Amino acid sequence: MKKVLVLLLALVANSSFAQLKMQGVVKDSIDTPLELANVIAINQATNALESYAVTNDKGKYILSLGKNGKYKVQVSYIGLKSLNEVITTQEANITRDFTLVPDNALDAVELTYEMPVTIKGDTLIYNADSFKNGSERKLEDVLEKLPGVEINEDGQIEVEGNAVQKLTVNGKDFFDGDTKLATKNIPSNAVDKIQVLRNYAEVGQLSGVQNNQNNVAINIKLKEGKENFWFGDITAGAGQAPSPNNELYLFQPKLFYYSPKYSINVIGDLNNIGEVALSNRDVRGFGGGFRLPSRTSGTNINLGNNGLSGLTNIANAQEVITKLGTVNFSYSPTKALDLSGFVIYNSSRLRTREENFIDYIEIEDDPLTPEDESTGLPPDESTVQRGREATNQIVAKLSASYKPNFNNQLDYDVLAKISDDKELQNLFSSVVGDTDQLNKVNPYSINQNLNYYYTLNEDNIFALEVQHLLSDEDPFYNALLVNDPDNNDEPNPDDRDAFDRTAAGLGLDLDQSNYDINQDRRVQSNKLDAKLDYYNILNSKSNINFTLGTIFSNQKFDSNIFQFLDEGSRFDPTPIITDPLDNVLSATNDDVDYTFSDVYLGVHYRFKTGKFTFTPGVSFHAYSNQNTQMGNNFKDNFFDVLPDFEALIQFKKSESLTLNYRMTNTFTDVTNIAQGLVLNNFNSIQYGNPELQNALTHNVSLFYRSFNLFNYTNVFASINYNKNIDQIRSFTDFESVIGTNTFFNSQFADETASVFGRVERTFGKLRARLNANFSYSKLNQFIQGRQSLNENFTQSYSPEIRTNFREAPNVRLRYRYTVRDNVQGSNTTKFITRAPSIRFDAYIWDSLTFITDFAYTEQETQGQTEAFKTWNASLRYRKDRDAKWEYSLRASNILDIDSNISNGASNISVFSSETFIQPRFITLRLTYTL
């Protein structure tokens with residue numbers, strides 16, 4: 001690593017010493033400095049772009065030129081005549097001012113070279129070819145080289161700290177709701193321009209009455225010749241896994257067609273090497289671009305998630321077999337009507353293995369809390385967990401947008417999801433022994449969205465947004481635990497099976513060779529979210545917004561716990577577990593019906609004064625909560641007032657500071673209010689509280705953004721603080737390692753605070769970046785009848801430097817240093833992570849591409865250190881950049897590491913985890929480019 005760093009610095013230093021600076025000021029004919037003027041220098045010997053600059057607010061520019069060279073300098077500004085001048089450099093820096101005059105010519109000025117980056121209003125335009133060196137294959141390879149753009153750990157695009165909400169290709173929707181499919185599949189050689197649309201408003205009629213400074217979209221402009229023709233690539237590959245009976249295979253067609261009237265995108269993937277465009281988790285969370293109408297109302301209701309609780313991260317699986325088929329289309333039969341949609345089919349089979357050691361924390365005795373015979377926490381536990389997951393998912397969306405004129409827009413969207421998920425798991429616990437578990441669920445959901453925007457006149461705008469969700473979830477759970485029926489009456493509890501006391505509390509038959517526990521559940525949700533906005537534009541600097549909205553939700557819940565006896569008959573148990581009021585709990589939840597409604601009126605006033613834009617607001621809410629279960633009816637009706645405030649300071653076009661304050665009411669879902677017993681799994685049992693109330697949250701955030709094209713410095717910083725009052729928390733009691741919990745509104749406030757900052761600067765061919773993150777959380781929990789305060793402080797630093805040579809090889813060096821301090825009651829733990837990594841890519845002889853990346857991760861806990869390494873590489877050959885065929889040899893996990901190590905802390909324990917991963921894979925691939 002040190003040798004590579006020295007070599008990198010030597011290359012950059014050598015490049016710097018061989019250059020000089022040319023600087024000056026660009027003005028107009030009346031000596032007014034011109035901001036955002038373009039200045040480029042073209043090497044006369046190579047006819048290639050040598051350097052470029054964009055003037056700052058004082059008209060200043062700086063170019064880096066080679067010594068003893070001859071360059072053609074071109075200066076341009078919209079509306080003024082471009083200026084061309086030949087400059088000959090020697091050994092000294094050059095100062096040269098330029099004056100541009102009005103352009104009265106009818107013909108457009110012919111540019112000799114395109115600027116790498118230009119700004120037109122709120123649109124930032126990157127010329128993709130200016131950032132390519134030949135090693136790129138997909139869109140993400142180009143995006144990672146753009147200043148101010150980042151691909152985060154989830155594969156999503158971020159621009160200046162904001163997640164990109166929408167990605168289009170030639171203005172047409174590309175799989176609404178997720179940018180990962182675009183970044184990993186669109187070929188880099190098809191990309192001409194990358195247009196970053198800041199302050200993006202999807203509805204043009206509302207662009208002048210809303211603050212959109214946090215909204216970012218990207219449009220990919222294809223190169224000429226890509227329209228009306230199919231383009232893309234098809235890859236096939238094979239290889240040999242370490243096991244002689246397991247051959248590797250891969251087939252990935254990625255085809256695209258664009259014309260002015262319609263587009264079709266087809267992406268397929270069939271492989272058993274773990275390379276996926278979309279994981280199970282990605283498909284499960286695929287939102288399709290839907291946004292709740294009530295997202296800014298101050299009300300948040302959580303409908304829960306009753307699917308498989310722990311879909312595995314693909315990177316943490318020993319074996320991965322996936323099938324993916326997707327089709328996306330758009331069609332414009334008329335100028336006023338746009339139709340679009342997509343279908344995604346995903347199937348995966350995973351095999352997993354994980355080993356854990358769990359050290360449960362100790363709770364300090366509370367002198368105000370009476371002693372209880374069950375105050376002990378679980379014993380330390382080691383587990384070995386082996387599992388198999390099978391998932392089949394289908395997501396489909398259809399959208400229609402009708403815009404007969406600027407004053408009218410009607411949008412309709414429908415998104416449907418269905419899946420068939422199953423998980424088999426064997427868990428060996430040092431405390432409980434062997435347990436086989438089965439989880440399966442076949443959920444479906446249909447989400448519909450109807451929006452209508454109407455501009456009555458230049459001062460009055462109406463916006464109607466309606467969204468409806470219908471979902472049905474039917475999880476089934478089975479656990480098979482070993483049991484010795486002969487030790488149930490042993491006087492010493494340590495001589496009994498660990499699960500015996502819990503089994504007795506559940507009312508199970510203890511005289512069986514196994515505890516065969518089962519649970520059926522059914523959750524049906526029906527939710528309507530609608531609002532009507534009226535905007536009155538008072539003058540050019542202010543408007544007022546009235547919002548009338550409602551949220552209506554109904555959930556029905558059924559569950560039933562039962563046991564299969566040794567001879568195969570079904571047994572319905574009668575539990576003896578009681579709630580805090582000594583009421584005996586049932587093994588069933590029959591016909592639990594939970595209805596929530598919110599009718600609200602909001603008022604917001606937005607006005608500008610100088611650099612400031614203020615938007616104070618308030619919303620008035622009439623809430624109604626009602627649930628019916630076990631013959632009882634629980635009601636809670638109340639009125640609340642929720643204020644919010646936003647202040648924006650626009651220092652420059654590309655520099656702003658935003659302050660937000662919001663008060664929010666959060667309501668829970670039906671599973672937390674169902675009184676009967678529910679098995680999350682065999683060692684996690686819960687029962688609900690029908691009298692749960694809402695939690696109140698105060699949120700304050702501060703965001704700063706600056707993107708300086710003059711010196712290519714990008715700065716983003718945020719501060720966020722949350723205080724939760726009446727937060728819904730759980731009482732947890734343990735019997736051995738089996739926890740039983742219920743819920744209540746805690747009188748102890750929980751708090752979280754975070755600070756994040758990113759600074760990025762380009763120095764010639766070198767780009768440096770520093771990410772820093774600080775977070776603090778204070779959480780009150782209640783275990784074994786005692787209150788415990790958990791505090792967590794995390795600080796993380798990620799410096800990075802990378803080169804951006806057009807001809808020479810490029811290197812990226814990154815280092816991540818993280819410290820986590822956890823205080824859990826009387827237990828204190830510190831985790832330190834050190835993770836240096838290097839990525840090297842070279843494009844050699846205009847035909848050979850070599851890419852390799854290496855990462856070393858070291859984790860230190862309480863003086864003990866563990867580490868693992870990751871090394872991947874690929875070698876690709878194509879005759880030239882325009883060749884149709886490419887041959888590649890790829891190797892993953894070259895060091896053949898068995899597992900990854902991670903250490904951490906939950907609310908009640910400290911754990912060490914070893915996750916087993918895929919072995920070394922070497923594949924030979926053939927790619928044909930259309």
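Residues numbered from 1 in each chain as written. Predicted model: local features only at pLDDT ≥ 70, side-chain atom pairs only at ≥ 80, totals over all residues. Heavy atoms only, no water.

### Describing the overall build of the chain
Move 1: Tallying secondary structure elements over the chain gives 5 helices and 53 strands in all.
Move 2: Principal-axis analysis of the C-alpha atoms places the extent of the chain at approximately 100 × 70 × 55 Å.
Move 3: For the chain, the proportion of its 930 residues judged to be buried stands at 50%.
Move 4: Taking as baseline every contact in the chain between residues at least 6 positions apart, the subset at least 24 positions apart corresponds to 66%. (Helix = DSSP H or I, 4+ residues; strand = E, 2+ residues; numbered from the N terminus. Buried < 20%, exposed > 50% of the residue type's maximum accessible area, 1.4 Å probe, protein only. Contact = heavy atoms within 4.5 Å.)

### Details of empty space enclosed by the protein
Move 1: What the rule picks out here adds up to 7 cavities of 30 Å³ or more.
Move 2: Of the pockets and cavities examined, the largest cavity occupies roughly 180 Å³.
Move 3: For the largest cavity, the lining is made up of 15 residues, of which E160, R198, N199, Q213 and R705 are closest to its centre.
Move 4: Empty space within the second largest cavity amounts to approximately 60 Å³.
Move 5: For the second largest cavity, the full set of lining residues is S135, E136, D141, E144, K145, R802, R839, D841 and I851.
Move 6: For the lining of the second largest cavity, the residue count by class is 1 nonpolar, 1 polar and 7 charged. (1 Å grid on protein atoms, 1.4 Å probe; cavity = no way out; pocket = protein on both sides within 12 Å on 5 of 7 lines; lining within 4 Å. Points joined across faces, edges and corners; volume = space filled by probe spheres on them. Nonpolar A, V, L, I, M, F, W, Y, C, P; charged D, E, K, R; others polar.)

### Details of the packing of aromatic side chains
Geometrically, a pair of aromatic rings is defined through the distance of the ring centres and the angle of the planes.
Move 1: According to the stated counting rule, one finds 32 aromatic pairs in the structure shown.
Move 2: Ring centres of F774 and Y797 lie 5.6 Å apart, and the angle between their planes is 80°; on these two criteria the pair is classed as edge-to-face. Taken together, the residues span a long stretch of sequence, with F774 in strand β44 (residues 766-783) and Y797 in strand β45 (residues 786-803) at a distance of 23 residues.
Move 3: The exposure class assigned to F774 is partly exposed, which follows from its relative accessible area of 29%.
Move 4: On the basis of relative accessible area, Y797 is assigned to the partly exposed category, the value being 29%.
Move 5: Linked through ring pairs, F174, F175, F231, F256, Y258 and F342 together constitute an aromatic cluster.
Move 6: The residue whose ring lies beneath R353 is F916, and the NZ or CZ to ring-centre distance is 4.1 Å.
Move 7: One cation-aromatic arrangement involves R570 over F562; the distance from NZ or CZ to the ring centre is 3.8 Å. (Phe/Tyr/Trp six-rings, centres within 6.5 Å; stacked < 30°, edge-to-face > 60°. Lys NZ or Arg CZ within 6 Å of the ring centre and 35° of its normal.)

### Digging into the sheet that holds strand β5 (residues 70-77)
Hydrogen bonds along the backbone pair up the strands of a sheet, which may run parallel or antiparallel.
Move 1: In spatial order, the strands read β3-β2-β5-β6; together these 4 strands make up an open sheet with antiparallel pairing. Because the sheet does not close on itself, it has two edges, and the strands there are β3 (49-54) and β6 (80-88). Neighbour to neighbour, the strand axes of the sheet diverge by 15° on average, direction disregarded.
Move 2: Pairing of strand β2 (residues 38-43) with β3, which is carried by 5 bridges, proceeds in the antiparallel orientation. If you follow A41 over to β3, its bridge partner there is S51. (Pairing = 2+ DSSP bridges. Axes fitted to C-alpha atoms, helices over the stretch in contact; angles between N-to-C directions.)

### Side note on a negative patch on the surface
Move 1: Together, D484, D486, D489, E490, D494, D495 and D511 make up a region of like negative charge exposed at the surface.
Move 2: You can see D495 is positioned in the loop between β29 (476-482) and α5 (500-506). (Patch = residues over 30% accessible without salt bridge, like charges linked within 9 Å, V, L, I, M, F, W, Y side chains within 5 Å. Areas by Shrake-Rupley, 256 points an atom, 1.4 Å probe, with all protein chains shown as cover. Salt bridge = Lys/Arg side-chain N within 4 Å of Asp/Glu carboxyl O. Lys, Arg positive; Asp, Glu negative; His and termini not counted. Charge placed at Lys NZ, Arg CZ, Asp CG, Glu CD.)

### A closer look at the pairing of strand β19 (residues 247-258)
Move 1: Here β19 lies mainly inside the structure; 9 of its 12 residues are buried.
Move 2: With 11 bridges joining them, strand β18 (residues 230-240) and β19 adopt antiparallel strand pairing. Of the residues in β19, the one forming a bridge with I234 is P253.
Move 3: In this structure, β19 lies alongside strand β20 (residues 262-271), joined through 7 bridges in antiparallel fashion. Residue F256 lies in a different strand from β20, and its bridge partner there is N265.
Move 4: Between the antiparallel neighbours β19 and β20 lie 3 residues.

### Some thoughts on the nonpolar core
Move 1: With 51 residues, the main nonpolar core has Y126, I157, F174, I194, I218 and I344 as its most contacted residues.
Move 2: Take this core: its biggest share by element is 4 residues, from strand β17 (residues 216-222).
Move 3: Residue contacts for I218: discarding those within four places in its chain leaves I157, V159, V164, K166, L167, T168, I194, Q195 and V196.
Move 4: Counting residues in hydrophobic clusters, the runner-up holds 25 residues, among them F499, I577, V737 and I738. (Core = buried A, V, L, I, M, F, W, Y, C linked by side-chain atoms within 4.5 Å.)

### Topic: the confidence of the model for the chain
Move 1: Of the residues in the chain, 94% have a pLDDT of 70 or more, and the chain-wide mean is 88.
Move 2: In the model, residues 106-111 has pLDDT below 50 throughout and makes 4 contacts with residues more than four positions away in sequence or in other chains.
Move 3: Across residues 366-375, confidence stays below pLDDT 50; counting only partners more than four residues off in sequence or on other chains, it has 10 contacts. (pLDDT = per-residue confidence, 0-100.)

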